[in-house]
Amino acid sequence: MESKSFQRFRSKIQYIHQHQQMVDASLKVLNTKLNSATDKTKDITQELKINKTDYGKLNQPINEKDRLVSYSRSKLAEYIILELFGAFSIYMRDITDEMYQKDPIKIVGKVNSGSTLTYVEIIKLGSFNKIREKIVNEIFRKFENERSTIKLVDKILSHTDVVVPDSLKDTALMYLEMRHLFIHNKGKADEKFKNKYGENVKLKTGDKLPTNFKVVSKAIDTVNRFAKSIDEQL
């Protein structure tokens, strides 16, 4: 059994994983092709026989390929982590909506906001489904204001009997919190991240987060299993 929320999440995750593998495989083929070149001073566009105008940034000597491929792999990993976080956030918002439909009073009771809708707002919304959507969005925004993935998850699930093994929960949240560091700390571990997760990934404060294929693949798998464990229990 899966919720509709998880089905949408699982579909998004599959596309993210497919994109990761497609681009990584393409980079490997590119690397192999350029390694076989006899003249390493030729431009990459020449060796690949691609349009120099369309791919002007690749008008560089083949001996620059290691730097270019390394950068692309690093940015791919960063992109996948950001997409993974986005997909998980949407899943948490969607299950908030599903829980609201099941028991709206419990969900509304999670935020002591005293929010109200005026007659005009109700009329403009036009239907109960639109009113529900507005309420759920406002509730979820209040959860997000915690600015902590851990607090967000705990608050949404606080009235449920969901219990995820700490090892799975901590590892999934570690990957999800990497997103914050990519955006706000140039992809480097800060003191807070190091203290909480440093032993798992052998990082010190200021070290760059790992961005290799295996780490990102494990991130996708772990976050997927974390969401699946939540969903099965819900």
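Quick notes on the rules
- Residues numbered from 1 in each chain as written.
- Predicted model: local features only at pLDDT ≥ 70, side-chain atom pairs only at ≥ 80, totals over all residues.
- Heavy atoms only, no water.
- Helix = DSSP H or I, 4+ residues; strand = E, 2+ residues; numbered from the N terminus.
- Rg over C-alpha atoms; globule rule 2.2 N^0.38 Å.
- Contact = heavy atoms within 4.5 Å.
- Axes fitted to C-alpha atoms, helices over the stretch in contact; angles between N-to-C directions.
- Parallel < 35°, antiparallel > 145°, perpendicular 65-115°, else oblique.
- Nonpolar A, V, L, I, M, F, W, Y, C, P; charged D, E, K, R; others polar.
- Buried < 20%, exposed > 50% of the residue type's maximum accessible area, 1.4 Å probe, protein only.
- Arc of directions from axis to C-beta.
- Phe/Tyr/Trp six-rings, centres within 6.5 Å; stacked < 30°, edge-to-face > 60°.
- Core = buried A, V, L, I, M, F, W, Y, C linked by side-chain atoms within 4.5 Å.

Novice: Explain the overall build of the protein chain to me, please; I cannot follow it from the model alone.
Specialist: Scanning the protein chain for helices and strands turns up ten helices and zero strands. Put simply, the protein chain runs from its N terminus to its C terminus through helices and strands in the order α-α-α-α-α-α-α-α-α-α. In terms of overall size, the protein chain is more extended than a compact globule, its C-alpha atoms giving a radius of gyration of 22 Å where 234 residues would be expected to give roughly 17 Å. Along the first, second and third principal axes, the C-alpha set of the protein chain runs to 70 × 45 × 35 Å.

Novice: What should I look at first to understand the environment of Gly206 in this one?
Specialist: Along the chain, Gly206 turns up in the loop between helix H9 (191-201) and helix H10 (213-233). Gly206 sits 170 residues away from Ser36 along the chain, and the two C-alpha atoms are 37 Å apart. Ignoring sequence-local partners within four residues, the contact set of Gly206 consists of Lys188 and Ala189.

Novice: Would you mind going over the packing of helix H1 (residues 4-35) against H10 with me for this structure?
Specialist: The relative placement of two packed helices is expressed as an angle between their axes plus a distance between the axes. Contact geometry for H1 and H10: axes closest at 11 Å, N-to-C directions at 175°. Between H1 and H10, the crossing angle belongs to the class labelled roughly antiparallel. Here H1 contributes Phe6, Phe9, Ile13, Ile16, His17, Gln20, Gln21 and Asp24 to the contact with H10, which in turn contributes Phe213, Val216, Ser217, Ile220, Val223, Asn224, Ala227, Lys228 and Asp231.

Novice: Mind showing me how you'd approach the packing of helix H3 (residues 65-102) against H10 here?
Specialist: Where H3 meets H10, the axes come as close as 10 Å, and the angle between the chain directions of the two elements is 5°. On the basis of the axis angle, H3 is roughly parallel to H10. For the pair H3 and H10, the contacting residues are Ala77, Ile80, Ile81, Leu84, Phe88, Tyr91 and Ile95 in the first and Val216, Ala219, Ile220, Val223, Phe226, Ala227, Ile230 and Asp231 in the second. Its residues placed into classes, the contact of H3 with H10 shows 14 nonpolar, no polar and one charged.

Novice: Explain the environment of Glu138 here, please?
Specialist: With respect to the helices, strands and loops of the structure, Glu138 is situated in helix H6 (residues 128-144). A relative accessible area of 26% places Glu138 in the partly exposed class. Glu138 sits 33 residues away from Ile105 along the chain, and the two C-alpha atoms are 15 Å apart.

Novice: Explain helix H7 (residues 149-156) to me, please; I cannot follow it from the model alone.
Specialist: Helical geometry: 3.6 residues make up each α-helical turn, so side chains three or four residues apart lie on a common side. By the burial criterion, the buried members of H7 are Thr149, Leu152, Val153 and Ile156. The arc that holds every buried residue of H7, seen down its axis, measures 95°, which confines them to one face.

Novice: Honestly, the packing of aromatic side chains in this entry has me stumped. Any pointers?
Specialist: According to the stated counting rule, one finds six aromatic pairs in the structure shown. Pairing Phe6 with Phe9 gives two aromatic rings, centres 5.8 Å apart and planes at 40°, and the pair type is tilted. Highlighted residues: Phe6 and Phe9, both in helix H1, separated by three residues, approximately one helical turn. We note that Phe6, like Phe9, is buried. Aromatic side chains Phe6 and Tyr91 sit 6.1 Å apart centroid to centroid with 80° between the ring planes, which places their arrangement in the edge-to-face category.

Novice: How do you make sense of the side chain of Asp94 when you look at a structure like this?
Specialist: Topologically, Asp94 is positioned in helix H3. Classification of Asp94 as buried rests on a relative accessible area of 12%. Apart from residues no more than four positions distant in its own chain, Asp94 is found in contact with Ser5 and Arg8.

Novice: Hey, could you run me through the nonpolar core in this one?
Specialist: For soluble globular proteins, nonpolar side chains are generally found buried alongside one another. Ranked by size, the top nonpolar core spans 49 residues in total, and within it Phe9, Phe88, Tyr91, Phe193 and Phe226 carry the most contacts. Those elements that place two or more of their residues in this core are H1, H3, H6, H7, helix H8 (166-184), H9 and H10. Here this core takes 13 residues from H3, the largest share from any one element. Sequence-distant contacts of Phe193, that is, excluding residues within four places in its chain, are made with Met174, Met178, Leu181, Gly198, Val201, Leu203 and Leu209. Counting five residues, the second-largest nonpolar core is a separate cluster that includes Leu34, Ala37, Ile62 and Leu68.

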